[in-house]
Amino acid sequence: MPSDLTDEHGLPLWPAPERNKQPIADALKVVLPPRGLLLEIASATGQHALHFAAELPGWTMQPSDCDPEHLDTLRRRVALAKQPRVLAPLVLDVTAEPPACEPTAIFCANMLHIAPWRACAGLFDVAARLLPPAGPLVTYGPYAVHGEHTAESNARFDASLRERNPEWGVRDVDAVRELALARGFALEATHVMPANNLLLVWRRPPSGELRSS
Ligand SMILES: C[S@@+](CC[C@H](N)C(=O)[O-])C[C@H]1O[C@@H](n2cnc3c(N)ncnc32)[C@H](O)[C@@H]1O
């Protein structure tokens, strides 16, 4: 994903978030209530956080990441932007104790396939810890559906990920759903996004309404 593209301050600009930030913002406008605090997990360059702050005027963004290099970029980009609705980045590793934060909603793009499977459990654990009972967790990225890739390019991407790291790989929505269910979250909505990606909305239904199918 990284490229040589930089902004006017020399900070990296990744092509993928440049391409997908507007379609994701448009979907978030439908999915999220008018205002709140959006915790972004795995913010990396901060391109999404800054764009969503501009597109969602009722929302304050709380970016975060766990990678020191990304955190450095993120901190510098957020400081330079001087956007009062983008807070100073948090250090947040989904496989560790989360920092103090009280988000209305959580957004996480393109992390599940590029982290070990335990990070998926970690993401739902963090969501269960930090979100209010009806708060949504929104995930975005490439997914397989019922054991099948949704495009040949996703199958090739999956193979290349697994070659780089056998613990990585495009996740199947069914497997994520199983794991989410064990943590009280149901898949509430699936938005088909450009370039064979999905935006998934996870939420804890009122107790007693959770079923496995
Ligand atoms: C492919 S990048 C996606 C960045 C950005 N969300 C986007 O869509 O452009 C994957 C991100 O996942 C983060 N990540 C990997 N493992 C993580 C973990 N255990 N906890 C939190 N973030 C993690 C990496 O630091 C990196 O920022």
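Up top is the structure.
Residues numbered from 1 in each chain as written. Predicted model: local features only at pLDDT ≥ 70, side-chain atom pairs only at ≥ 80, totals over all residues. Heavy atoms only, no water.

## Thoughts on the site of the ligand
Alright, step 1. In the vicinity of the ligand there are 18 residues, among which A42, D65, D93, V94 and A109 approach most closely.
Alright, step 2. A distance of 2.7 Å separates a nitrogen atom of the ligand from a polar atom in the backbone of A42.
Alright, step 3. Between an oxygen atom of the ligand and a side-chain N or O atom of D65, the distance comes to 2.6 Å.
Alright, step 4. Notes on the ligand: free accessible area 600 Å², of which the protein chains cover 90%.
Alright, step 5. Broken down by class, the residue content of the shell around the ligand amounts to 12 nonpolar, three polar and three charged. (Near = heavy atom within 4 Å. Polar contact = N/O pair within 3.5 Å; in protein donor to acceptor, adjacent residues only side chain to side chain. Areas by Shrake-Rupley, 256 points an atom, 1.4 Å probe, with all protein chains shown as cover. Nonpolar A, V, L, I, M, F, W, Y, C, P; charged D, E, K, R; others polar.)

## Focus on the side chain of H51
Alright, step 1. For H51, the location among the structural elements is in helix α2 (residues 47-55).
Alright, step 2. Since its relative accessible area comes to 15%, H51 is described here as buried.
Alright, step 3. What H51 contacts, discounting residues up to four positions off in sequence, is K21, Q22 and A25. (Helix = DSSP H or I, 4+ residues; strand = E, 2+ residues; numbered from the N terminus. Buried < 20%, exposed > 50% of the residue type's maximum accessible area, 1.4 Å probe, protein only. Contact = heavy atoms within 4.5 Å.)

## Here we look at the pairing of strand β11 (residues 197-203)
Alright, step 1. Extensive coverage of β11 is indicated by the burial of six of its seven residues.
Alright, step 2. Across seven bridges, strand β10 (residues 186-193) lies against β11 in antiparallel orientation. Bridge pairing links A186 to R203 in β11. (Pairing = 2+ DSSP bridges.)

## Some remarks on the sheet that holds strand β9 (residues 171-172)
Alright, step 1. Spatial ordering of the open sheet is given by β8-β7-β9, a layout of three strands whose pairing is mixed. Looking at which strands have only one partner, the edges of the open sheet turn out to be β8 (148-149) and β9.
Alright, step 2. Where strand β7 (residues 143-145) lies against β8, two bridges are found, and the strand directions are antiparallel. By the bridge assignment for β8, A144 is matched with H149.

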